[in-house]
Amino acid sequence: MDVSWTLWAVTIFGLSALIAVDFFIGRKPHDVSTKEAGIWTIVWIALAILFGLGLMVFGNSQASGEFFAGFITEKSLSVDNLFVFVLIMAKFSVPSHLQQRVLLIGVLIALVLRAIFIAAGAAVIANFSWVFYIFGAFLIYTAWKLIQEARAGEEEEEFEENRLLKKIEQRFGVADQYHGTKLFIQKNGKRIMTPLMVVMLAIGMTDVLFALDSIPAIFGLTQDPYIVFTANAFALMGLRQLYFLIGGLLKKLVHLSYGLSVILGFIGVKLVLHALHESGVHVPEISIPFSLTVICGVLVITTITSLIANRKQEAAEAAAKARSVDAADEETESVSS
């Protein structure tokens, strides 16, 4: 898809305006209700759909299909990333009315970082087609790692600070409590960080790791930098509201890691096949419509099986609780007699 500098400028201006609106909405720290989060989640998704349809009308069906495939994949990976955000919020005991500010800054950091990664990735791909082998192998390895962790049942219950974050804390010092939206305060004549600044640094550093998975994944669906950037932007911009909407439901998506491992593995194979094709090897290439069908199908199946598994677990827990109550009643009756 040929994209002029004018279209790039208009797109960046439009996205910046949307970010400004988002910031204006969340400028005053407050507890986000489910209704507010739900309305804005629908708005962001609707905007993404309109943009994708616009690509079909003013561009072509190929570009539109690539956008939707990339958007859905990036959105799915972003939902998985919310697990880590929940752990970070719990680790630093972020007050509920400040969580939206943390997430907003986190999204801005993620957008900047991904723009840099996308520009670098596009430049590398344009000059070295063999990089598709590396991207493909990395995604297949990531998929295998995800499924191994899911099978082992290993879940992080607490976020652990990395060495860099600990060194920054030691260098500047950290206040013992939150001071509203302030990032730094003066204490004993020394400028120190507030816990809010530490949380934002933790979110930003985590965003770098997230980009290592998401950027190769979307380049496996499209090599158009414009589509890669816009799909990432639209996937990230509704992340703050999505956090408050499904925060309590995240633990119920027990099979999400399996679904994401299948998607990443599928895209990894697609990348390897594309690399072989670029090298002159006659191999079948996976089309965007087929990719979109696989991605949507995997997510639907993963959601359904997760809900079924949770329902069975809740039923088993309820039955076990009932048995323990009955056993306790019987023991009380025997003692009384």
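All figures in this text were calculated on a predicted structure; none of them were measured in a lab.

A short note on helix α5 (residues 131-152)
Quick reminder: α-helices carry 3.6 residues per turn. Residues three or four places apart thus point the same way. Here α5 spans 32 Å end to end across 22 residues, near enough to the 32 Å set by a 1.5 Å rise per residue. For α5, every residue scored as buried is listed here: V131, F132, F135, G136, L139, T142, A143 and L146. Axial view of α5: buried residues confined to an arc of 140°, hence all on one face. Of the exposed residues in α5, those oriented more than 90 degrees away from the buried face are Y141, W144 and R151. If you follow the buried residues of α5, they end up packed against α4 (96-127), α7 (195-219) and α10 (256-278).

Some remarks on the side chain of R114
By the element assignment, R114 lies in helix α4. In this structure the side chain of R114 is engaged in a polar contact, spanning 3.4 Å, whose partner is the side chain of S214. A distance of 2.8 Å separates the side chain of R114 from the side chain of N232, its partner in a polar contact. Sequence-distant contacts of R114, defined by excluding residues within four places in its chain, comprise E74, N81, F210, A211, S214, I215, N232 and L236.

Observations regarding helix α8 (residues 225-237)
A rise of 1.5 Å per residue sets the reference length of α8, with its 13 residues, at 18 Å; its end C-alpha atoms lie 18 Å apart and thus fit the reference within 8%. Burial analysis of α8 places twelve of its 13 residues in the buried class, the great majority of the element. Here α8 has its buried residues at Y226, I227, V228, F229, T230, A231, N232, A233, F234, A235, L236 and M237. Here α8 starts with a cap whose side-chain oxygen sits 2.9 Å from the backbone nitrogen of Y226, and that cap is D224.

Thoughts on the nonpolar core
Core analysis: the biggest nonpolar cluster contains 80 residues, and F67, F85, F92, V94, V199, F219 and F234 have the highest contact counts within it. For this core, the element with the most residues is α7, which contributes 14 residues.

Quick notes on the pairing of strand β1 (residues 184-187)
Every other side chain in a regular strand lies on the same face of the sheet, so the side chains alternate between the two faces. Pairing of β1 with strand β2 (residues 190-193) involves four bridges; the strand directions are antiparallel. Residue pairing across strands places I185 opposite I192, the latter belonging to β2.

Observations regarding the packing of aromatic side chains
Counted according to the given criterion, the structure contains eleven aromatic pairs. Measuring from ring centre to ring centre gives 6.0 Å for W8 and F229, while their planes differ by 45°; the resulting arrangement is tilted. Here F229 lies in helix α8 and W8 lies in helix α1 (residues 5-25), a separation of 221 residues in the sequence. A relative accessible area of 16% means that F229 is categorised as buried. Among the aromatic residues, ring-to-ring pairing joins W8, F51, F67, F68, F71, Y226, F229 and F234 into one connected group. Here the guanidinium or amino end of R171 rests over the ring plane of F172, the centre of that ring lying 5.1 Å away. The residue whose ring lies beneath R191 is F184, and the NZ or CZ to ring-centre distance is 4.2 Å.

Rules used in this analysis
Residues numbered from 1 in each chain as written. Predicted model: local features only at pLDDT ≥ 70, side-chain atom pairs only at ≥ 80, totals over all residues. Heavy atoms only, no water. Helix = DSSP H or I, 4+ residues; strand = E, 2+ residues; numbered from the N terminus. Expected span 1.5 Å × (residues − 1). Buried < 20%, exposed > 50% of the residue type's maximum accessible area, 1.4 Å probe, protein only. Arc of directions from axis to C-beta. Contact = heavy atoms within 4.5 Å. Polar contact = N/O pair within 3.5 Å; in protein donor to acceptor, adjacent residues only side chain to side chain. Core = buried A, V, L, I, M, F, W, Y, C linked by side-chain atoms within 4.5 Å. Pairing = 2+ DSSP bridges. Phe/Tyr/Trp six-rings, centres within 6.5 Å; stacked < 30°, edge-to-face > 60°. Lys NZ or Arg CZ within 6 Å of the ring centre and 35° of its normal.

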